[in-house]
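# Per-entry structural report
Chain residues, written in single-letter form:
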Amino acid sequence: MNFLRGVMGGQSAGPQHTEAETIQKLCDRVASSTLLDDRRNAVRALKSLSKKYRLEVGIQAMEHLIHVLQTDRSDSEIIGYALDTLYNIISNDEEEEVEENSTRQSEDLGSQFTEIFIKQPENVTLLLTLLEEFDFHVRWPGVKLLTSLLKQLGPQVQQIILVSPMGVSRLMDLLADSREVIRNDGVLLLQALTRSNGAIQKIVAFENAFERLLDIITEEGNSDGGIVVEDCLILLQNLLKNNNSNQNFFKEGSYIQRMKPWFDVGDENSGWSAQKVTNLHVMLQLVRVLVSPTNPPGATSSCQKAMFQCGLLQQLCTILMATGVPADILTETINTVSEVIRGYQVNQDYFASVNAPSNPPRPAIVVLLMSMVNERQPFVLRCAVLYCFQCFLYKNQKGQGEIVSTLLPSTIDATGNSVSAGQLLCGGLFSTDSLSNWCAAVALAHALQENATQKEQLLRVQLATSIGNPPVSLLQQCTNILSQGSKIQTRVGLLMLLCTWLSNCPIAVTHFLHNSANVPFLTGQIAENLGEEEQLVQGLCALLLGISIYFNDNSLESYMKEKLKQLIEKRIGKENFIEKLGFISKHELYSRASQKPQPNFPSPEYMIFDHEFTKLVKELEGVITKAIYKSSEEDKKEEEVKKTLEQHDSIVTHYKNMIREQDLQLEELKQQISTLKCQNEQLQTAVTQQVSQIQQHKDQYNLLKVQLGKDNPHPGSYSDATQVNGIQPEEVGRLREEIEELKSNQELLQSLLAEKDSLIENLKSSQSSAGTNELSSATASAQDSEQIAELRQELATLKAQLNSQSVEITKLQTEKQELLQKTETFAKPAPASGESEAVAAAKTADAEGRLSALLQETKDLKNEIKALSEERTAIKEQLDASNSTIAILQNEKNKLEVDVTDSKREQDDLLVLLADQDQKIFSLKNKLKELGHPVEEEDELESGDQDDEEDEDEDDGKDQGHI
């Protein structure tokens, strides 16, 4: 606090003694009063005094106000008063400051009080917490206070907010506030928060700031909106400028498409308010941020592509060609279009096709060039048109060719009805206005940049100087004007054009040297001792002469490299020549032009260097210096080296073609090798499986052999090939016999079925014969059931044997895999550290022998397994045939059972009918007796009763048999 007391004591007009006492009493009330109303009134009084007596209130009350924020959060009114008081203490209200000294003192107080406030980072965190309150009297003064803190000590406050949990997210919620005052001040707060802090910029961007800001701009009416639109645009600039991550996020989020409605400016009668002009200016600057030449090339080209696809470039070109557009908006639009098309072929082609709405229509490029060479146009507009033309030709050989072609004799319009771009450039190049000369020379130089073809084409251009005189070439006319001693700006422009034209073009150098007056003019300019203003021209003349030496192909005998160097040494001196050459890069405007591609000059006299030309100087200065100091022998050696290099290049080209062909062949061979590798791996896998199967079958063969030896005491009666899968030939024979028996049983059942039909007929005639036939049919059915049951049991036995064989095969596969692993281990033994090379070689040979033996054994086993597999397949086919036969017999047996059941049911029905008939006969006999008719004897009736009893006994026996 000592420095604050010093500041207070140094004030010439401090607060009076009574006010100081009043402030002290109010602070005491805030600190000691137990009633909330008393503290609230005291804070309100401090607020009213804080503007006039800012220093005293700040010194005595700041600590108490912070304590109020910590303890009285439940009362929004006292919190609001405390925040307003702190804001009055910390902020610099420029409207109330009149004198310069008092303004400076106020700024010092604001930064000092801010430093005291943020000395405890908890105070800023507390302020962020208070911003979560929805109450207007708390939130709004909190926003203003935090904004003031950021304006005073931005980096320190930014760091505190950055490390605070959810600090940035809390501030982003201000944009969603329904109260416009808080929302608008929240935008200003975020402006101060995001200034020059990439980390916070990224957090704000990923908190959906782009979406919210674009929504606000749309709600406010885009370019027709008020100052809120301008504030949102400035915040967008803070988020995007020099921040590649946010630029990529903006592009990927399709936000560039939402910029297009900004430039729907309507017709020329819609009016251009000052705020609309400001808004459009910032909008254009925002577009330039996305396509700035300083951005990474890939990011810039992707944004340029998106701007063309969504129609933004087309919209900008509409403004460019519209009438009634303010001059500053037109200038910034030209600069914006320049960077949208710079280096991107699609956009450059579209721009070349744009026509101005005139009658007849003229290309936009021609209209712009007319403004560039017109000395009545504003200087900034002419600079913008030059930049647009440079961006149109940047890395655009197609556009360069179109511009140069308008100068060639075969394409010039003889009628003179239309003016071409080439004619405008020539007119500007030879006009009386030095700025037009410079702009036209630089524009024409850009048409030749890195394009040797157009440099040669431009040599064909012929100019008619006056009636009756023969035409002269454009190159000759440039040198003629140069030698006439025009203004420095004109000469600098022409020298830059000639240096660009002759560099990397030996034919142009030959044409230049062919004019015998050019070299003496250059040497005379360089050798003279002129003033400082002429030193730049001398440096450029030295550069042009150096280019004539370095790119000289020695086709002119009088101006060969060696003769030119001797001329320099005699008339100028090598050291003097190099010194004059260095004047270019030492010029104060050289470094300024080398920074940015855009020609941005405060006034025409500063318009000396072009950005692309500074690159050329940097490239050629060193090589020309070396060329000047080289001797003739070194030149000869260099020529020989060049020839050798040319031969070498041809050889290299030949070998490159061969290598390219070989690469293609190698790719094909690699594909074939990969295919063969896959096939090899598959075959190796198949071999491994077959080896394991061979070993399994071999072990199975030995095991079965042992089992047969145990089961049969006479092993001589069996051969090695008499067992396959545990089934012996005797068993096969037995199965065949059983199949024959089943066939005979089937025939028997069919005969029984035929007998059943006859039995049913007999049952109708005789009851006794029906009982006998029923008993025999039941007996036959029982026999069939027993035989089928035996067959099923034998089939189950065979299946169990197959399952046991499968288990044994699995076990043997595992053992075979272990044996293979051991074999590999023996095949590749690792020699111990103490063993000699001889012992290791012996072990290797032994392992190789074992491996070859194993491979031979594997081959033999493969033959064996092949034979065994064939036998196994044959037996399996026989077994399948047996199973199918059994299934057929089973189906026939089921059909017979159904038929027998139906026959039994019919027999039961017949028995019931017979019983009813006997009952009727018995009743009829009784009636005959009653009527006196003679009837059968009693013994006959008894015999009939006995027969009935026998029939009943037979039925009971048959029922028991079924049970």
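Because the structure is predicted, anything quoted here is derived from the model rather than measured.

Along its length, the chain carries 41 helices and four strands. Classification of the 963 residues of the chain by burial places 41% in the buried group. Pairs at least 24 residues apart make up 71% of the contacts formed inside the chain by residues separated by at least 6 positions.

Here the focus is the packing of helix α31 (residues 532–550) against helix α32 (residues 561–571). Remark: α31 packs on α32, axes separated minimally by 9 Å, with the N-to-C direction vectors making an angle of 150°. It follows from the interaxial angle that α31 and α32 lie roughly antiparallel. In this structure, α31 uses Leu545, Ser548, Ile549 and Tyr550 to contact α32, whose residues at the interface are Lys561, Leu564, Lys565 and Ile568. Looking at the contact of α31 with α32 residue by residue, the classes come out as five nonpolar, one polar and two charged.

Further remarks concern the packing of aromatic side chains. One pass over the full model with this rule turns up twelve aromatic pairs. Aromatic side chains Phe136 and Trp140 sit 5.4 Å apart centroid to centroid with 25° between the ring planes, which places their arrangement in the stacked category. A residue pair is termed a helical-turn pair when its members lie 3 or 4 positions apart in one helix, as Phe136 and Trp140 do in helix α8 (residues 136–152) at four residues. Judged by centre distance (4.9 Å) and plane angle (90°), the rings of Tyr550 and Phe551 are edge-to-face. When its relative accessible area of 28% is taken as the criterion, Tyr550 is described as partly exposed.

Our focus in this paragraph is helix α18 (residues 312–321). Most of α18 sits inside the fold, with eight of its ten residues counted as buried. The set of residues buried in α18 consists of Leu312, Leu313, Gln315, Leu316, Cys317, Ile319, Leu320 and Met321. For α18, the elements touching its buried residues are α16 (274–290), α17 (297–309), α19 (327–341), α20 (345–353), β1 (355–356) and α21 (364–372).

Now for the pattern of salt bridges. Evaluated as defined, the whole model comprises 22 salt bridges. Notably, a salt bridge pairs Glu219 with Arg183, separated by 3.8 Å at the nearest N-O pair. Of this pair, Glu219 sits in helix α13 (residues 209–219) while Arg183 sits in helix α11 (residues 180–194); the two residues are 36 residues apart in sequence, bridging distant segments of the chain. On the basis of relative accessible area, Arg183 is assigned to the buried category, the value being 7%.

The next thing to look at is the environment of Ile59. Counting through the fold element by element, Ile59 comes out in helix α4 (residues 54–71). In this structure Ile59 comes out as buried when scored by relative accessible area, which is 16%. Put simply, Ile59 and Phe113 are 54 residues apart on the chain and 8.5 Å apart in space, counted from C-alpha to C-alpha.

A low pLDDT score tells you not to read the predicted coordinates there in detail. Looking at the chain as a whole, the pLDDT averages 81, with 75% of positions reaching at least 70. Ignoring residues within four places in sequence, the model shows residues 714–727, a span with pLDDT below 50, making 32 contacts including any to other chains. Between residues 938–944, whose pLDDT stays under 50, and residues either more than four places distant or in other chains, the model counts three contacts.

So, about the packing of helix α22 (residues 379–393) against helix α25 (residues 434–447). Close contact between α22 and α25 brings their axes to 9 Å; oriented N to C, the two are set at 10°. Relative to α25, α22 is oriented roughly parallel. Facing α22, whose interface residues are Phe379, Arg382, Leu386, Phe389, Gln390 and Leu393, α25 presents Leu435, Ser436, Trp438, Cys439, Val442, Ala443, His446 and Ala447. Looking at side-chain class alone, the contact of α22 with α25 contains ten nonpolar, three polar and one charged residues.

Right, let's get into a nonpolar patch on the surface. Where nonpolar side chains cluster on the molecular surface, the patch consists of Ile651, Tyr655, Met658 and Ile659 and spans about 360 Å² of accessible area. Tracing the sequence through the fold places Ile659 in helix α37 (residues 632–711).

Scanning the model with the defined rule gives zero disulfides in all. You can see Cys478 has no disulfide; the closest cysteine sulfur is in Cys426, sitting 8.2 Å from it.

Mapping Gln538 onto the fold places it in helix α31. Of the residues examined, Gln538 reaches a relative accessible area of 1% and is grouped as buried. A polar atom in the side chain of Gln538 sits 3.0 Å from the backbone oxygen of Gln525. If we skip the residues at most four places from it in the chain, Gln538 touches Gln525, Ile526, Glu528, Asn529, Leu530, Lys580 and Phe583.

Following Asn359, the chain continues into Pro360 via a peptide bond in cis, with omega recorded as -5°. Along the chain, the position of Pro360 falls in the loop between β1 and β2 (362–363). One non-glycine residue with positive phi stands out, namely Glu450, at about 55°. Here Glu450 is to be found in the loop between α25 and α26 (452–458). In the Ramachandran plot, Asn554 falls in the positive-phi region, its phi being about 60° despite a non-glycine side chain. Note on placement: Asn554 falls in the loop between α31 and α32.

The buried count for helix α27 (residues 474–483) comes to seven of ten residues, which makes it a mostly enclosed element. Here α27 has its buried residues at Leu474, Leu475, Gln477, Cys478, Thr479, Ile481 and Leu482.

Okay, the side chain of Thr147 next. With respect to the element layout, Thr147 can be found in helix α8. Residue Thr147 is classed as buried on the basis of its relative accessible area, which comes to 9%.

The rules we used
- Residues numbered from 1 in each chain as written.
- Predicted model: local features only at pLDDT ≥ 70, side-chain atom pairs only at ≥ 80, totals over all residues.
- Heavy atoms only, no water.
- Helix = DSSP H or I, 4+ residues; strand = E, 2+ residues; numbered from the N terminus.
- Buried < 20%, exposed > 50% of the residue type's maximum accessible area, 1.4 Å probe, protein only.
- Contact = heavy atoms within 4.5 Å.
- Axes fitted to C-alpha atoms, helices over the stretch in contact; angles between N-to-C directions.
- Parallel < 35°, antiparallel > 145°, perpendicular 65-115°, else oblique.
- Nonpolar A, V, L, I, M, F, W, Y, C, P; charged D, E, K, R; others polar.
- Phe/Tyr/Trp six-rings, centres within 6.5 Å; stacked < 30°, edge-to-face > 60°.
- Salt bridge = Lys/Arg side-chain N within 4 Å of Asp/Glu carboxyl O.
- pLDDT = per-residue confidence, 0-100.
- Patch = residues over 30% accessible without salt bridge, like charges linked within 9 Å, V, L, I, M, F, W, Y side chains within 5 Å.
- Areas by Shrake-Rupley, 256 points an atom, 1.4 Å probe, with all protein chains shown as cover.
- Disulfide = S-S within 2.5 Å.
- Polar contact = N/O pair within 3.5 Å; in protein donor to acceptor, adjacent residues only side chain to side chain.

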